[in-house]
Amino acid sequence: MFAVMAAPVNNPEHGFCRDCLALQHSQTRRCDRCGSPRLVRHAELYRLRIAHIDCDAFYAAIEKRDNPALKDRPVIVGGGRRGVVSTACYIARIQGVRSAMPMFKALELCPEAVVVPPNMEKYVGVGREVRALMQALTPQVEPLSIDEAFLDLAGTERLHGMPPALVLARFAQTVEKELGITVSAGLSYCKFLAKIASDFRKPRGFSVIGEAEAPSFLAAQPVTMIWGVGKALAATLERDGIRMIAQLQRMERGDLMRRYGVMGDRLYRLSRGEDDRPVDPDGDAKSVSAETTFDTDIAALAELVPVLRGLSEKVSARLKRSGIAGRTVVLKLKTQDFKLRTRNRQLGDPTRLADRIFQTGLDLLRREADGTKFRLLGIGVSDLSDDEKADPPDLVDVQSRKRALAESAMDTLRDKFGRKAVETGYTFGKGRAANPPEPLEE
Ligand code: TTP
Ligand code: MG
Ligand code: MG
């Protein structure tokens with residue numbers, strides 16, 4: 001058993017070696033045992049348990065693994081219909097190639113690059129393999145995307161015979177050995193900082209951010225590092241003269257909330273390194289939603305509306321089937337440059353009606369449709385409950401009551417004659433061809 005806390009030789013400041021996992025007995029620059037310079041040291045090393053893991057240049061790494069001739073070449077994965085870079089390997093990144101960049105620009109920067117068309121099926125498969133290795137460490141795995149997840153490694157020390165920091169380092173080795181790609185890991189006391197840490201020394205990185213240094217570390221970072229601060233909010237903050245997290249740290253909670261609403265509270269807490277969101281493995285559905293990625297990006301509200309309508313009906317159908325309702329409507333947009341925007345609105349009572357979901361979503365969408373081009377649109381509800389209290393008949397206005405009644409009538413017809421029998425004015429014959437909506441969470 002690994003008695004980290006007891007023996008003085010296991011001083012976390014001496015750390016361990018990421019190559020041979022040996023604990024270090026001194027502050028030398030190379031591993032006492034194997035001579036590797038890849039040492040991890042940190043005063044809180046054996047206390048931290050929240051990890052974020054993200055694969056390095058994921059699609060490109062898989063292509064290199066499967067074609068050794070590409071190993072030392074600059075590789076860009078992308079092209080196809082959208083003509084943009086999905087990702088580039090780290091050799092191509094030296095020349096400035098980045099995800100979401102138009103392919104012609106990437107090739108101007110790096111003419112010698114090898115362009116590989118994406119093979120999503122393969123990447124999804126490898127993503128699953130990575131996920132399975134994570135789940136072998138702990139059931140507390142919260143996937144964020146195809147190549148990354150949060151892990152809460154609390155309480156796994158007995159199982160693995162070593163503290164989370166070492167479990168994480170060993171995991172990185174296992175992925176390299178078994179899957180032939182590399183990952184970067186971040187270790188901290190909360191999700192916010194674990195995610196920042198994993199991005200810190202890519203590729204093959206391992207970064208630790210402890211509680212003690214969190215405020216001073218954050219002070220020196222730009223506000224854009226805060227989760228939820230996208231281009232729009234960053235511009236607003238900039239107009240208000242706020243660029244660095246240090247400035248947020250000096251502001252009062254009330255002041256921030258007056259200026260920026262709910263987001264103000266988040267700015268207050270995250271700027272101080274306060275984040276108590278638990279790692280949430282996707283067991284039970286916390287929301288029901290549907291989304292779609294467009295073949296070509298769409299900016300016009302008139303083109304987004306029918307898509308929103310169709311997705312709202314899909315969500316509603318699923319709620320009705322499961323006998324549940326949701327009280328918060330969530331609109332999700334992804335801009336052309338892959339920035340995620342989510343907007344929420346809480347309703348007076350839970351709903352399962354397509355029309356209420358749609359109308360609320362439309363209201364939120366109107367504010368966002370400012371000429372920005374979107375590649376993805378999604379709508380859903382959260383705050384789920386059973387549908388007993390959903391959509392009381394005394395809905396505020398007459399119009400919405402009429403629509404609710406009409407919707408019940410349509411549901412009855414659909415039950416009898418199938419979905420296609422009834423189409424609303426919003427979906428009928430309108431809209432742009434889009435990929436079939438993918439359920440976000442079943
Ligand atoms: P990321 O984890 O953001 O990027 P990455 O793994 O390629 O590189 P790194 O993490 O080392 O910075 O995204 C994972 C995959 O998602 C990426 O390999 C390709 C895909 N992707 C796109 O298709 N378009 C994009 O704009 C982004 C950001 C990612
Ligand atoms: Mg990645
Ligand atoms: Mg990622």
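On a predicted model such as this, the values are computed, not experimentally measured, just so you know. (Residues numbered from 1 in each chain as written. Chains lettered and ligands numbered in written order. Predicted model: local features only at pLDDT ≥ 70, side-chain atom pairs only at ≥ 80, totals over all residues.)

K.L.:
An account of the sheet that holds strand E5 (residues 84–88) is needed here, citing residue identities and associated values.
P.N.:
Backbone-to-backbone hydrogen bonds pair the strands of a sheet. The strands run either parallel or antiparallel. Pairing is mixed across the open sheet formed by three strands, whose spatial order is E5-E4-E6. A strand with exactly one partner marks an edge of an open sheet, and here the two such strands are E5 and strand E6 (114–116). With direction set aside, neighbouring strand axes in the sheet form an average angle of 35 degrees. Pairing of strand E4 (residues 75–79) with E6 involves three bridges; the strand directions are parallel. The residue of E6 that forms the bridge with Val 77 is Val 116. (Pairing = 2+ DSSP bridges. Helix = DSSP H or I, 4+ residues; strand = E, 2+ residues; numbered from the N terminus. Axes fitted to C-alpha atoms, helices over the stretch in contact; angles between N-to-C directions.)

K.L.:
Let's hear about the site of ligand 1: which residues, and what values?
P.N.:
The full set close to ligand 1 counts 16 residues, and Phe 58, Ser 86, Thr 87, Ser 99 and Ala 100 are the nearest of them. Within the residue set of the shell around ligand 1, elements represented by two or more residues are strand E3 (50–55), helix H1 (58–66) and E5. Of the residues belonging to the shell around ligand 1, the class tally is eight nonpolar, three polar and five charged. When we break the shell around ligand 1 down by domain, the ones giving at least three residues each are domain 1 (8–55 + 123–208) and domain 2 (58–119). (Near = placed C-beta within 6 Å. Nonpolar A, V, L, I, M, F, W, Y, C, P; charged D, E, K, R; others polar. Domains from an automatic or database assignment.)

K.L.:
Give me the UniProt feature "binding site: Mg(2+)" (unreviewed entry) in the protein chain: which residues, what numbers.
P.N.:
Sites flagged by UniProt as "binding site: Mg(2+)" (unreviewed entry) map to Asp 54 and Asp 147. A maximum C-alpha distance of 5.7 Å is found for the annotated residues, which run over 94 residues; spatially they form one tight group. Considering the arrangement of structural elements, one finds Asp 54 in strand E3. Beyond its immediate chain neighbours, meaning those up to four positions away, Asp 54 contacts Asp 147, Glu 148, Val 183, Ser 184, Ser 198 and Asp 199. (UniProt positions renumbered as here; feature names shortened; annotations may be inferred. Contact = placed C-beta atoms within 7 Å.)

K.L.:
Hey, could you go over the nonpolar core for me, with residue numbers and the actual values?
P.N.:
Core analysis: the biggest nonpolar cluster contains 77 residues, and Ala 51, Ala 88 and Leu 151 have the highest contact counts within it. Here the element with the most residues in this core is helix H6 (residues 164–179); it accounts for seven residues. Beyond its immediate sequence surroundings of up to four residues, Ala 51 is in contact with Phe 150, Leu 151, Leu 153, Pro 164, Leu 168, Ala 185, Gly 186, Leu 187 and Ala 194. Leu 308, Leu 331, Ile 357 and Leu 364 belong to the second-largest nonpolar core, a separate cluster that totals 28 residues. (Core = buried A, V, L, I, M, F, W, Y, C linked by C-beta atoms within 7 Å. Buried ≥ 20, exposed ≤ 12 C-beta atoms within 10 Å, placed from the backbone.)

K.L.:
Lay out the sheet that holds strand E9 (residues 183–188) with the relevant residues and their values.
P.N.:
On the basis of which strands lie adjacent, the open sheet formed by five strands has the order E7-E8-E3-E9-E10 and mixed pairing. Here the strands that pair on one side only, and so sit at the sheet edges, are strand E7 (141–145) and strand E10 (206–208). For this sheet, the mean angle separating the axes of adjacent strands, direction not counted, is 15 degrees. Of the strand pairs in this sheet, E7 and strand E8 (residues 148–152) are connected by four bridges, and their pairing is antiparallel. Note that in E8 the partner of Ser 145 across the bridge is Glu 148. The strands touched by H6 are E3, E9 and E10; relative to E9, the strand with the most contacts, the crossing angle is about 170 degrees.

K.L.:
Residue-level account of the environment of Val 40, with values.
P.N.:
Along the chain, Val 40 falls in strand E2 (residues 39–40). As a C-alpha pair, Val 40 and Phe 16 span 24 residues in sequence and 5.6 Å in three-dimensional space. When sequence neighbours within four positions are dropped, the list of residues in contact with Val 40 reads Gly 15, Phe 16, Arg 18, Leu 45, Ala 165, Ala 169, Phe 206 and Val 208.

K.L.:
Describe in detail the pairing of E4, supporting the description with residues and values.
P.N.:
Among the five residues that make up E4, four are buried, leaving the element largely enclosed by the rest of the structure. With four bridges joining them, E4 and E5 adopt antiparallel strand pairing. In the sheet register, Gly 79 faces E5, and the bridge partner there is Val 84.

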